Amino acid sequence: MDKSMSAPKRELDQENSIFQVRWETDYLVTEFKGKPICLVCLETTSAKKDFNSSGHYNTTHKEKFEKYTRVARAAVVADLKGTIHRQQSLFTKTTAAQESALKAYVVTLELTKAKKPLSDGEMVKRIFDIQNHVEEKLKQVMNDCKYFSLALDESTDVTDVSQLLIFTRTIDSSSEVHEELLKLVSLHETTKGTDIFKAVKTVVNEHGGFGKLSAIVTDGAPSMQGRRVGFTGLLHQNGVDYPVLHCIIHQEAICAKTMNFSHVVDLVTKVTDLIRGGNRALNHRNLVAFLEEVNAAYGDLQMHADIRWMSRGKFGEVFCACLRCDTSAYCCKLQDTAFLCDMAFLTDITSHLNHLNIQLQGRCQTVPDLYAHMNAFRRKLELLRDGFSSVSPNLAHFPSCEEMCTDVPACEKIFPMYRADTETLLQQFTTSCAVHSILSAVVNEQPAELQLELSELRSDPFFQSPRNEKEISFWSLLPESRFPLLRDFSLSMASMFGSTYICESSFSTMKHINSKERNRLTDETIPYDENSQIQCGTR
């Protein structure tokens, strides 16, 4: 038969050989390395076809998971995908660590054969040369910048030595921004405001002094914020009169603690500790078997700690899902309708707070960016508060409350009482985060030296028309000859850190550098080892 007369090849869509996103929620299947894999049992199906995925789900997992729909099903899919992602990350990190250890062994072996100390190795010398070059480059950046700000945070490492991280954010006349690690200082004795002030003063003087400083952001600890013997007080007493800001992420955490639901968290924590805490392996195994037997959405309970307060949302979500099983054997309090409503509300409102906290994280965010997230959340709180105004509350944004109301209709009369709690949270955010853009604020309320230029800017049709440029990009459009003070003000604002996130993330990196298995690093080697790796992580 003539090949030209043969039937045309069918496209992939016609063969159903392209992975469909809906299979994740319909059949609990995801795509991994080009192959469909079951999120529950990790079994790989033979082909990317609806028939294969649906057949595996219907015969193996449908009986257990078909009762979960909409929000509950989405939560189950997210939890299963998160478990697979953590497993993959674990093996990837382990492989990378093994490769690094092998390379270090090869270098050490060659030096040992040559009967030379480790410091004589060319690779070690090269590391010192790179670090010296980075320090010289950083001094040049600090010298050429228009403004800079500092982010400070202190933490204790595995050897009980306090490490003070000093990060700088610089901006030059062309609006180019750099975020760099200025210094890692070891504090071997006390960590009072005097010790922190001496360390910061020494480091900043090595890079040109405080003349171009715009602001300093700290975590709000007493040793940092103290007005007399704290770092802030000593700074002002020595003539360095610049604003010391409180990390906005810490402010958000403080606002969240105004809600008094300790009775819920304490009881749920006690129940969880009764099952998972201490030497209770048998209780834990029995719970896992029980959840498997009743086809629960989650296969285990999560632990909660105040120091990781963001876990409260996920912690409560998993606990609420387990409550759909028979929990009378654990605590009769869990049968109280008012308590169940409190727990459902706390789970939902904390989930919203967790989402805000994630938005505030990340590097290269300016102060206006961070306060924009806070103002947006304040408007969301107004919406959530109004949802509890009527006799029949609007629970569209409270999935746990909505499911609780479906299971226990009597909860509908209790939920309107949470309007007062939402109002309290809203007032706290309004008081702490009431910031407006200078372009929309009242001119008379702005600094006197900016009022004339701000009035002229608002009258210019070019700058008042809708524009795609935001923040730094917008201010860089202003002609310096017409708006010198506004340009200078914008550079000062753009140079400010809004949070100490960059310090917190660096401490996480340091845990893998100065660990229990690698704790003999000295003050001479730590700056070259940790500084280089942390600086690589900040890019």
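Residues numbered from 1 in each chain as written. Predicted model: local features only at pLDDT ≥ 70, side-chain atom pairs only at ≥ 80, totals over all residues. Heavy atoms only, no water.

### Concerning the packing of aromatic side chains
For the coordinates displayed, the defined rule picks out eleven aromatic pairs. Here the aromatic rings of F261 and Y418 are separated by 6.4 Å at their centres, their planes lie at 40 degrees, and the arrangement is tilted. Here Y418 lies in the loop between α16 (399-407) and α17 (419-432) and F261 lies in the loop between α10 (248-256) and α11 (262-276), a separation of 157 residues in the sequence. Each of the two residues, F261 as well as Y418, counts as buried. Here F377 and F429 contribute two aromatic rings whose centre-to-centre distance is 5.1 Å and whose plane-to-plane angle is 55 degrees, an arrangement assigned as tilted. Taken together, the positions of F377 in helix α15 (residues 367-387) and F429 in helix α17 put the pair 52 residues apart, joining distant regions of the chain. A network of ring pairs unites the aromatic residues F261, F345, F388, F398, F415 and Y418 as a single cluster. (Phe/Tyr/Trp six-rings, centres within 6.5 Å; stacked < 30°, edge-to-face > 60°. Helix = DSSP H or I, 4+ residues; strand = E, 2+ residues; numbered from the N terminus. Buried < 20%, exposed > 50% of the residue type's maximum accessible area, 1.4 Å probe, protein only.)

### As for the pattern of salt bridges
As a working rule, side chains carrying opposite charge can pair if their charged atoms are close by. For the coordinates displayed, the defined rule picks out eight salt bridges. Between R385 and D386 there is a salt bridge, with the nearest N and O atoms lying 3.3 Å from each other. On the accessibility criterion, D386 (42% relative accessible area) is partly exposed. (Salt bridge = Lys/Arg side-chain N within 4 Å of Asp/Glu carboxyl O.)

### Digging into the sheet that holds strand β4 (residues 162-171)
The five strands lie next to each other as β5-β4-β3-β6-β7, forming an open sheet whose pairing is mixed. Looking at which strands have only one partner, the edges of the open sheet turn out to be β5 (177-187) and β7 (244-246). Pairs of neighbouring strands in the sheet enclose a mean axial angle of 25 degrees, with direction left out of account. For strand β6 (residues 213-218) and β7, the ladder comprises three bridges, and the chain directions are parallel. The residue bridging I216 from the neighbouring strand is V244, located in β7. (Pairing = 2+ DSSP bridges. Axes fitted to C-alpha atoms, helices over the stretch in contact; angles between N-to-C directions.)

### Notes on the pairing of strand β2 (residues 35-38)
In terms of strand pairing, strand β1 (residues 29-32) meets β2 through four bridges, oriented antiparallel. Bridge assignment links E31 to a residue of β2, and that residue is P36. Taken together, β1 and the strand that follows it, β2, pair antiparallel across an intervening segment of two residues, in which K33 is found at a positive phi of about 55 degrees.

### Focus: the confidence of the model for the protein chain
Chain-level statistics for the protein chain give a pLDDT mean of 76 and a share of 71% at 70 or above. Within the protein chain, no element has a lower average pLDDT than helix α1 (residues 12-15), which sits at 44, and none a higher one than β6, at 92. The low-confidence segment residues 10-15 (pLDDT under 50) makes five contacts with residues lying over four places distant or belonging to another chain. Between residues 324-330, whose pLDDT stays under 50, and residues either more than four places distant or in other chains, the model counts 14 contacts. (pLDDT = per-residue confidence, 0-100. Contact = heavy atoms within 4.5 Å.)

### Topic: the environment of E206
As for its placement among the helices and strands, E206 is situated in helix α7 (residues 193-206). Between the alpha carbons of E206 and K139 there is a distance of 8.4 Å; along the sequence they are 67 residues apart.

### Some points on the side chain of R385
Here R385 is to be found in helix α15. Non-local contacts of R385, meaning those with residues more than four positions away in its chain, are made with R419, T422, E423 and L426.

### Let's talk about the side chain of S492
Residue position: S492 is located in helix α21 (residues 484-494). Overall, S492 belongs to the buried group, its relative accessible area being 15%. Sequence-distant contacts of S492, that is, excluding residues within four places in its chain, are made with Y147 and S214.

### Quick word on the nonpolar core
Residues I349, F415 and F429 are the most contacted members of the largest nonpolar core, which totals 57 residues. A per-element tally of this core places helix α14 (residues 337-360) first, with eleven residues. No fewer than three residues from each of domain 2 (121-243) and domain 3 (254-433) sit in this core. Within the second largest apolar cluster, 26 residues are counted, among which are F148, L182, V203 and L235. (Core = buried A, V, L, I, M, F, W, Y, C linked by side-chain atoms within 4.5 Å. Domains from an automatic or database assignment.)

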